[in-house]
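Structural overview
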Amino acid sequence: MDKFVYRLLWLISLLPLEVLYLFSDIAYPFVHMFYRRKVVRSQLRECFPEKSKEELYKIECDFYHHFCDLVPEIVKQFSMSKEEMMRRMRFIGMEQVERGFQRGKTDWFCFLGHYGNWEWIASLQYWTPFGQCAQIYHPLYNKTMDSVFNRVRTQYGGINIPMKVAVRTLIKHRMEGTRIICGFISDQLPKWENIHHFTPFLNHETAVFTGCEQIGKKMDAMIYYFRVTSPKRGHYVAEAIPICEDSKDVPDFEATDRYMQLLEADIKARPELWLWTHKRWRRTKEEWLRRQSVTRHTDHV
């Protein structure tokens, strides 16, 4: 089944991206009307209480236009040439990473968000011949789509590492002498058992994934953030912003807090580029503290 889906999407991807965008334009009013509009509106109101209804509605419309564009952009990946991908998805600031490796560092970790086109970030390997690119991910529940996306994400030369075996796999590569360039998408909602820290973010006390920082400190990795901008439709630029060069010396959660501050600034600048359909604040700090209290009480009984 996964081979059939892959081949079908590959055939569709042969159409020029400008033609695929026509399907995005046609789908936009229906997606805007029927797909999680209440979630998007509610979160926009909570995150930007200072904005008028007109301003919020414009962000909402711009977001759904971008959201619909992501589908043809991701489909186009199946057959996009290296030259076209490097023209549409550019990376800047990577010379800092190369200098870090020259100083003796063996690992470079990067915080990412569901911002811009995060799937195209997998093409980073084209820009980094000095190291092996990898991305930490959570396998999809749908096995067919998980297989298809794994294939697409690795077509540039990078590797996918499931979160459950991330530390073991990264240590293995280090022992083999491989320089690792690893991305962590860290802005989604953690499960209760994976919550270790809350930080202020978009007018909420927000639970965050801390895996990038925690694993980075174990391996004394350089930790950066990719600031993504979109100068025009179908074009993105990712700029490597340093957070810490020696992560083992940074206080706990400081790198994660800095990442969330950088991401928040980017969202405020271009809110339509973030994934607003995700129910980001379902798990509150109050409920987490209550659960922690109950667990401690149970442990003492």
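Described in the following lines is the structure provided in the data block. In this text the structure is predicted, and so the values were computed from the model without any measurement.

About the cut-offs
Residues numbered from 1 in each chain as written. Predicted model: local features only at pLDDT ≥ 70, side-chain atom pairs only at ≥ 80, totals over all residues. Heavy atoms only, no water. 1 Å grid on protein atoms, 1.4 Å probe; cavity = no way out; pocket = protein on both sides within 12 Å on 5 of 7 lines; lining within 4 Å. Points joined across faces, edges and corners; volume = space filled by probe spheres on them. Helix = DSSP H or I, 4+ residues; strand = E, 2+ residues; numbered from the N terminus. Nonpolar A, V, L, I, M, F, W, Y, C, P; charged D, E, K, R; others polar. Axes fitted to C-alpha atoms, helices over the stretch in contact; angles between N-to-C directions. Parallel < 35°, antiparallel > 145°, perpendicular 65-115°, else oblique. Left-handed = near helix turned anticlockwise from the far one by under 90°. Contact = heavy atoms within 4.5 Å. Salt bridge = Lys/Arg side-chain N within 4 Å of Asp/Glu carboxyl O. Buried < 20%, exposed > 50% of the residue type's maximum accessible area, 1.4 Å probe, protein only.

Let us now look at empty space enclosed by the protein. Evaluation of the coordinates by the stated rule reveals two cavities of 30 Å³ or more. Counted as a void, the largest cavity has a volume near 170 Å³. Where the lining of the largest cavity is concerned, the elements lending two or more residues are β2 (107–112), β3 (132–137) and β5 (180–185). It is β5 that provides the largest number of residues to the lining of the largest cavity, a total of four residues. Across the lining of the largest cavity, the residue classes break down as 14 nonpolar, three polar and one charged. Lining the second largest cavity are L112, G113, Y115, W118, I121, Y225, F226, V228 and L263. Among the elements that line the lining of the second largest cavity, the one with the most residues is strand β8 (residues 222–232), at three residues. When grouped by side-chain class, the residues that make up the lining of the second largest cavity number eight nonpolar, one polar and no charged.

Now for the packing of helix α1 (residues 2–13) against helix α7 (residues 143–153). Where α1 meets α7, the closest approach of the two axes is 9 Å, and the angle between their N-to-C directions is 50°. Here α1 lies oblique to α7, going by the angle between them. Handedness of the crossing formed by α1 with α7: right-handed. Along the contact surface, α1 presents D2, V5, Y6 and L9, while α7 presents T144, M145, S147, V148, R151 and V152. Across the contact of α1 with α7, the residue classes tally to six nonpolar, two polar and two charged.

Before going further, it helps to examine the pattern of salt bridges. Scanning the model with the defined rule gives 19 salt bridges in all. Residue E245 pairs with R103 through a salt bridge whose shortest N-O separation is 3.1 Å. Pair noted here: E245 is in the loop between β9 (235–244) and α10 (254–269) and R103 is in the loop between α6 (94–102) and β2, with a separation of 142 residues, a long-range link. Judged by relative accessible area, which is 57%, R103 ranks as exposed. Ionic pairing is found between R291 and E287, a salt bridge with its closest N-O pair at 3.0 Å. Residue R291 and its partner E287 are located together in helix α11 (residues 285–300), separated by four residues, close to a single helical turn. For E287, a relative accessible area of 22% puts it in the partly exposed group. Through salt bridges with shared partners, a single ionic network connects E18, E84 and R88.

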